[in-house]
Amino acid sequence: SLSMAAKKKKKKKTNDDKETKKEEEEKTKIKRHKSTTLVRGTATFDNNKRVDFVTGFRKRKNTRRKKAATEFEKKLKEERREAKMNKRRTFREMLGLKADDDQEEEEEEEKKEEKKREEKAYASGVSVVIEGL
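The structure presented is a predicted model; accordingly, all values stated were derived computationally and were not measured.

**Section: the pattern of salt bridges**
Stage number 1. Throughout the structure, instances matching the rule amount to 1 salt bridge.
Stage number 2. With its nearest N and O atoms 2.8 Å apart, the salt bridge here joins glutamate 78 to arginine 81. Here glutamate 78 and its partner arginine 81 are both found in helix α3 (residues 57-95), 3 residues apart, which amounts to about one turn of the helix.

So this is what it looks like as structure tokens:
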């Protein structure tokens, strides 16, 4: 029979062995850093919203299709308009008429000239010319 002291030593050795095994396991484990984010609030689950999401794929897809179709129509309309404008320009150039761009530039120049010289005619028959505005 073993004495009490021998039993205690045996227990210490087994405890020491367990601790050294734990230390060795900790050394071999991959160290992971702890998350620093704070968890605030709670997550709630709404079954109605889930059902809407799951069953809404077709609806969302159709809205995307409609949006794409309207954008496509706008682009087509714009291209047609530009084609007409180009056709008109070339036709006018062939006839020797001024292009729309030239007319717009002339109108802008006329407006600038009008700003430089302004005439006002009153009901009494007096006309006032203001130059250099």
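**Some thoughts on a positive patch on the surface**
Stage number 1. There is a patch of like positive charges on the surface, built from Arg58, Lys61, Arg64 and Arg65.
Stage number 2. Looking at where lysine 61 falls in the secondary structure, it is placed in helix α3.

**Quick look at the packing of aromatic side chains**
Stage number 1. The final tally for this structure, using the stated rule, is 1 aromatic pair.
Stage number 2. Judged by centre distance (5.3 Å) and plane angle (65°), the ring pair of phenylalanine 53 and phenylalanine 57 falls under edge-to-face.
Stage number 3. Owing to a relative accessible area of 48%, phenylalanine 57 belongs among the partly exposed residues under this scheme.
Stage number 4. One residue, arginine 60, lies across the ring of phenylalanine 57, its end atom 4.8 Å from the ring centre.

About the cut-offs
Residues numbered from 1 in each chain as written. Predicted model: local features only at pLDDT ≥ 70, side-chain atom pairs only at ≥ 80, totals over all residues. Heavy atoms only, no water. Salt bridge = Lys/Arg side-chain N within 4 Å of Asp/Glu carboxyl O. Helix = DSSP H or I, 4+ residues; strand = E, 2+ residues; numbered from the N terminus. Patch = residues over 30% accessible without salt bridge, like charges linked within 9 Å, V, L, I, M, F, W, Y side chains within 5 Å. Areas by Shrake-Rupley, 256 points an atom, 1.4 Å probe, with all protein chains shown as cover. Lys, Arg positive; Asp, Glu negative; His and termini not counted. Charge placed at Lys NZ, Arg CZ, Asp CG, Glu CD. Phe/Tyr/Trp six-rings, centres within 6.5 Å; stacked < 30°, edge-to-face > 60°. Buried < 20%, exposed > 50% of the residue type's maximum accessible area, 1.4 Å probe, protein only. Lys NZ or Arg CZ within 6 Å of the ring centre and 35° of its normal.

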